[in-house]
Structure formats: structure tokens, C-alpha cells
Amino acid sequence: MNPFIYDIPTRVYFGENQLHHLGKEVAAYGKRVLLTYGGGSIKKIGLYDAIRAELDKAGMEVYELAGIAPNPRIDSVRAGANLCKEKQIDVILAVGGGSTLDAAKFMAAGAYVDHDPWEFFSSNAPIEKALPLITVLTLSATGSEMDCGGVISNLETQDKLGRLAPPLLPKVSFLDPTVTYSVSPYQTACGAADILSHILEVYFTTEKDLYMLDCFMEGMMKTVIRYTPIAMKEPTNYEARANLMWTSSWAINGFVNGGKEHDWSCHPMEHELSAIYDITHGLGLAIITPRWLEYCLDETTVDKYVQFGVNVFGIDASLPPMTIAREAIQRLADFLFKTLQLDDTFTKVGIKAEDIPHMARKACGGGTLQGLKPLAQADIEAIFKMCI
Ligand code: NZQ
Ligand code: ZN
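All of the points below concern the structure found in this document. Here the structure is a predicted model, which is why all the values come from computation and not from measurement.

1. Topic: the overall build of the chain
Secondary structure summary: the chain contains 16 helices and 10 strands in total. Taken against the 2.2 N^0.38 rule, which gives 21 Å for 388 residues, the C-alpha radius of gyration of the chain at 20 Å falls within 12% of a compact globule. In terms of overall dimensions, the chain has a C-alpha envelope of 65 × 45 × 45 Å along the principal axes. When burial is assessed residue by residue, the chain has 57% of its 388 residues classed as buried. Residue pairs in contact within the chain that sit at least 24 positions apart in sequence constitute 78% of those at least 6 positions apart. Counting only carbon and sulfur atoms, one obtains 52% of the accessible surface of the chain, whose full area is about 15800 Å². For the chain, the distance from the average site of its 34 positive side-chain charges to the average site of its 47 negative ones is 3 Å.

See below:
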């Protein structure tokens, strides 16, 4: 086990009727706020009006940037960063899902630099400072509300690239499960697949780790498996929405990582699908993940699959390890494709076989993903072919 630093300073207001704290939290950073949001869902559910009322009450000068798209575009980041400079914005308030929150993070960093914000991704330009960011989360999935990362798409170059930097961490996040009541069953399912993937990317490792963290991750996976079908059938079930929301944050806020150094595998692969086909992140992960697990299963990795199968799906521990492992993969696939009703192949979502070599090369950056098993381009191509 590697030594690690635990430092998650985002203040979280969790639960219903917490928005009356918003004004004071935003005003603590200054007078001029940039309110950014997506395609309009926050207006339909009345959240926009509630937020404007709180900002007005706090005497804030409000500027807006609406229309942040899923798989957020660098163009929105550029527009936001320019607006921040032009209007001398003090604080950004992002209201929405991961796409809006991610875009806001790079607007916040872009406000402090003279170069094109795409250089944060294309040439790893330093992110030393960012405007303070406050978020109101409306979709349980990415964990962007409590992490310092974000992923941005560039349609011109067909790239979707991620970046982590501590200054991007939200200062405050509002997590009210009732604002997720309007999330469709499909987006709820995609969000669940994303949460599960964040856990699986960390859980499936051959590095030695803390038993306590494994138990925590198994509990979170069981939570997603238990509550997602409920939230899909009963969108206003508070217990289900609340459990999914808090799990989305803890799956990726750094806590479960416990100093592990291995690369993630499914995420870099999925980002190439979204980059070209603009598909929903969680859907792409759902298709890839069971195939990745199948590809990486062998005598050196089987123990972790057994642990997963027994502790998460309750498979009989007395069965032979390989039987348990294969059954665990099948149960996961059944959950994603039967219970959540997500499409299970590239073909169904329109991804063409001819793009596989190109996507595989970009996914590993011409090198190797050092995850559960090292994956070079040929391995990723093989996994992608299993998805066809
Ligand atoms: O744009 P609006 O109108 O708000 O509609 C959105 C959008 O169409 C809708 N939605 C959100 N909240 C809603 C709602 N509809 C009804 N009621 C609500 N309360 O849902 C659609 C999808 O929204 P989006 O923000 O794109 O979804 P998600 O939260 O899944 O974010 C996905 C993005 O986050 C990135 C993904 O790659 C993808 O670009 N990720 C960010 C991560 C991070 N920051 O750490 C990690 C993840 O692995 C992921 O890569
Ligand atoms: Zn993800």
C-alpha cells in the first residue's frame, strides 16, 4: 500500500431545503457571479428561479452562460473564460450535471490565463489558479461536484480529454436529491453505470490495498445495484435518489483511491467513443466494462473477481474461483443491460468497426494503460471488438 494524502475540502450541503445557504456562500467570494447551466432542465424544474431568488437576496450581480452541452465543448469553456475576464467575475456558480460542472472548472482556470483554454488539455498547460467554483448538482453520476477533474470535448480535433488540478475543486456543492427527481430513467441508468465504473476502476487492481476501502467500495456498489432500479421506476423516491447522489460523490472524490497508482482503463477507452460519436459517457462505459473484465481475467487477477462476486453479488464462495469470476461478470452485464436496459453493443449505438484501430491508438496515447492488466493498442482493439 502506498502512502497517501487525504484532503477533500469541498463543503457539502446535502438534502432538501438547503438552498437558503446559497446566497451567503456565493457572496463570500465577491459580488459578481457567473451562473452557468445546461440546456434548460433547471428552468423546467423551477431550480433556476429558486437560485436567482437566492442570488438576488444576497445582492449579487449575476451574469449568465447557458447551453452547456453534454460532453461539454471547449467553445463553451472559451466563452465562459472570456466572460469571466470581461466582467471581472469573482465566483462561478455551476448548476447541472457533470458537463456543466466540468465546463465551469475550466472557465474558472481559463479566467487566469492569456492562452486558449484548450492548451490545458493539448499541452498540459499549468493550472495554478482558478476562480472559486460553487456547484448545484442536478444529476448523480460523475462526482464532479467533489473532485478536481473535468473532461472537455473538442469537436474540431475529435478529442475528448481530461485534466485534474487541485484549484478546480469546488469550494461548496449543494446536493439536493429532490432536484434529481426529473432525471429520466435512461440518464439515471447512465449515471449509475458511471458511478459503478468509477468504483470498479479503483477496486480492480492487483496492488495491495486497505481492506477497509474495499469494503467501502463494495458497499457503494451494492448501493448502486440496489437503488438504481428503484429510482428508475419511482423517480421521486427520496431514499433511492439520496443514496445514488451521495455515492456518486464518494465514488470519485479521492477517498477510495487510498494511494493507488494504477491507471484507469475503461475511462480512457470510453472517452474515445464520446469524442467521435458524442455518446453518453455512462452508456459507453456500460458497454466496455464487462468486456474489459472478461479480457483481464486470468489466474493472476482471478482473486479480485472472486472477492467482487462473493461480496457484491452474493455468489457461492465454495464454487471454483474461475466459475465465480465468470458468474460475477455475467451478473454485472445483466445488471447493466437487463435491469438498467442499456444498449449492450457498439453496433446498437452506431459505433463502427472501422474506427476501432484509431480509437484504440488514441485511448492509450500510443503507449500502454497500466491498469488491472497493461493494455496496449492491440489489447484495446481486442476489447473494442468484443463490444461490437
Ligand atoms: O443540459 P440540461 O438541460 O441540464 O440536461 C441534461 C443533459 O441533457 C440532463 N439533466 C441534468 N440534470 C437533469 C437533467 N434532466 C432532467 N432533470 C435534471 N435534474 O441530463 C443530460 C446529461 O447531462 P450531463 O451533465 O452531460 O451528464 P453527466 O452528469 O453524466 O455528465 C457527463 C460528463 O461528465 C464527464 C463525462 O465525460 C461527460 O462529459 N465526466 C466527468 C468526470 C469528473 N468531473 O470527474 C468524471 C466522469 O468519469 C466523466 O468523465
Ligand atoms: Zn466516469
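2. Side note on the site of ligand 1
Near ligand 1 lie 31 residues; those nearest to it are S41, G98, S99, D147 and K160. Residue H281 places a side-chain N or O atom 3.0 Å away from an oxygen atom belonging to ligand 1. Out of a free accessible area of 960 Å², ligand 1 has 87% covered by protein chains. Going through the elements one at a time, α5 (98-110), β6 (149-154), α7 (185-203) and α10 (266-277) are the ones with two or more residues in the shell around ligand 1. Of the residues contributing to the shell around ligand 1, the split by class is 8 nonpolar, 19 polar and 4 charged. Counting the residues that make up the shell around ligand 1, at least three belong to each of domain 1 (11-179) and domain 2 (185-387).

How each quantity is defined
- Residues numbered from 1 in each chain as written.
- Chains lettered and ligands numbered in written order.
- Predicted model: local features only at pLDDT ≥ 70, side-chain atom pairs only at ≥ 80, totals over all residues.
- Heavy atoms only, no water.
- Helix = DSSP H or I, 4+ residues; strand = E, 2+ residues; numbered from the N terminus.
- Rg over C-alpha atoms; globule rule 2.2 N^0.38 Å.
- Buried < 20%, exposed > 50% of the residue type's maximum accessible area, 1.4 Å probe, protein only.
- Contact = heavy atoms within 4.5 Å.
- Areas by Shrake-Rupley, 256 points an atom, 1.4 Å probe, with all protein chains shown as cover.
- Lys, Arg positive; Asp, Glu negative; His and termini not counted.
- Charge placed at Lys NZ, Arg CZ, Asp CG, Glu CD.
- Near = heavy atom within 4 Å.
- Polar contact = N/O pair within 3.5 Å; in protein donor to acceptor, adjacent residues only side chain to side chain.
- Nonpolar A, V, L, I, M, F, W, Y, C, P; charged D, E, K, R; others polar.
- Domains from an automatic or database assignment.

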